[in-house]
Amino acid sequence: MTSAEKYVAAAYLVVFVALLAYVVIIASKLARLEAALTELVERVRARG
Amino acid sequence: MRTYVSDVTALARKDLLLELRARDTLPAMLLFVVAALVVFHFALPSGSGRLAGLGLLWVAIVFTALLGLSRVFVAEREQGVLDALVLAPSDRSAIWLGKAVAAFTFLGLAEVVALPAFGLFFSGVGGATVAAVALADVGICSVGVFLAAMSVSTRARELMLPVLFLPLAIPIVVGGVGASVTDAPGRYLAFLALYDALFATICWASFEYVVTE
Amino acid sequence: MWLRNNALQASALGAGLLLTAAIALIAFYVPTDADQGLSQKIFYFHVPIALTAYACFGWGAWKALRHLWHRDERADLESYVAIHLGVIFGALTIVTGSIWARASWGVWWAWQSRQLVLFLVLFLFYCAYFMLRYSVESGPRRARLSAVYAIFGVVLIPISFLAIRLAEDFIHPTVFTSRGPQMAGSMFFTFCVSWAAMLATAHALYRIELAGKRIDAQLRELGELLT
């Protein structure tokens, strides 16, 4: 690969990685929200 | 309208009188600016040229202003007076304007010492530089007092002010240095005037949102 | 009606399709630039990302204005998310711009690039926005201070741009001009698709982040109601 190709690839890779990081962050947030919701459901059930 | 002007004058006079009695902010600013100029002498290797010195003059002005601005609402906060001021039946923006006028006075007095000192240590300053300093002071005091009010409500208090202020100070520095070092200062003075008009207007219009609970 | 009920999914789908189309066009359709060579293709991402960042800051300021003028409570969160996205896109602008500078002129940072310098100033300003938000307790005061600051930011953008242009006269007399709107038809088309893709991506991310934060708030409220 020529150096020009490397830089172009690097630029696009950076954007791709940023998007991927976003996906990972959303996924972990979703997991956390699900855990919180489960706990709340348990509390409502316990109340009877 | 007349009550507005008298409110502003009363607030500005109060701050100036307090300073006259306490004498803590202005001497500190004066000492700081002269010390800064001495530091800059050592920061400029020989052969740096006259223009580098002029650039550093503007750095000294901005940081001296920051020093003074960090004190602008301290007295009110310590004595819990800010709420009383806000509840007073005057337009809230009068608080901002009164404080800005007082700050402008302090900064101006500091520069009355700083500019001749600069002339002594480095090189003389021309009329364009003085005009630029005057215009820049308006911008610095408008935005600075506004942001000082904002930072007083934060946990970080005085630490917040430089962080908030410096990005907004960049155009002022560009205008000031441009007017000082180039052969066509008119454009830069006009730019400073534009900055002042724009930011003073939005500061004046939105100050009440900053101080109301 | 499916569109209205599934707005979030539609937004994400649209963004994905546009992004795919943009990359396909950049890789296979648009010709390589005669002067700058292959590295010019970074431009098709770098500039749309920059423009999208501006759009995010503008949208954030608009929501801030709505919060202050119309007492729109939800607008504070919307303004925050928009500015958050703007900072992310701004950081991407600086990184891709730096890579492009390295590819074109051999340096990782170029004060000659007005775009880069402007984004650096804005990046500093909007990072301070987050410092401000973290330094105030959550509530109406924080919302108001953030809103006012967001509006200052949007006024700062043109002023800073002017300042940087004026500064060039005494800082760097030489200005590198990068390929502007004088593009061949296929280049302009690709650019437009890429720009639409970036805006769509920002829009999808905006709605996703907003939904996440709203759910957070509602769960917290639910927790409080149950105790």
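Analysis parameters
Residues numbered from 1 in each chain as written. Chains lettered and ligands numbered in written order. Predicted model: local features only at pLDDT ≥ 70, side-chain atom pairs only at ≥ 80, totals over all residues. Helix = DSSP H or I, 4+ residues; strand = E, 2+ residues; numbered from the N terminus. Rg over C-alpha atoms; globule rule 2.2 N^0.38 Å. Buried ≥ 20, exposed ≤ 12 C-beta atoms within 10 Å, placed from the backbone. Contact = placed C-beta atoms within 7 Å. pLDDT = per-residue confidence, 0-100. Core = buried A, V, L, I, M, F, W, Y, C linked by C-beta atoms within 7 Å.

### Things to note about the overall build of chain B
A count of helices and strands for chain B gives nine helices and zero strands. Taken over the C-alpha trace, chain B has a radius of gyration of 17 Å; the compact-globule value for 213 residues is 17 Å, and the two agree within 12%. Taking the principal axes of its C-alpha atoms as reference, chain B extends roughly 55 × 35 × 30 Å. The burial tally for chain B puts 46% of its 213 residues in the buried class. Residue pairs at least 24 apart in sequence account for 81% of intrachain contacts in chain B once pairs closer than 6 positions are excluded.

### Quick word on the interface of chain C and chain B
On the side of chain B, 27 residues touch chain C, which itself brings 25 residues to the contact. With 14 residues, helix H6 (residues 140-167) of chain C is the single largest residue contributor to the side of chain C that touches chain B.

### Here's the deal with the confidence of the model for chain B
With 97% of its residues at a pLDDT of 70 or more, chain B shows a mean pLDDT of 88. If you check the scores for this complex, the pTM reads 0.88 and the ipTM reads 0.85.

### Focus: the nonpolar core
Residue and element names in this part refer to chain B. Grouped together as the largest cluster of nonpolar side chains are 148 residues, with contacts concentrated most on Ala103, Val145 and Phe146. The leading source of residues in this core is helix H7 (residues 127-152), at 16 residues. Those residues in contact with Phe146 that sit more than four places away from it in its chain are Trp96, Cys203, Phe207 and Val210.

### Here we look at the environment of Val125 of chain B
Residue and element names in this part refer to chain B. Considering the arrangement of structural elements, one finds Val125 in the loop between helix H6 (93-121) and H7. C-alpha of Val125 to C-alpha of Val33: the two residues are 92 residues apart in sequence and 16 Å apart in space. Among all residues touching Val125, those that are not within four sequence positions of it are Leu115, Phe118, Gly119 and Val130.

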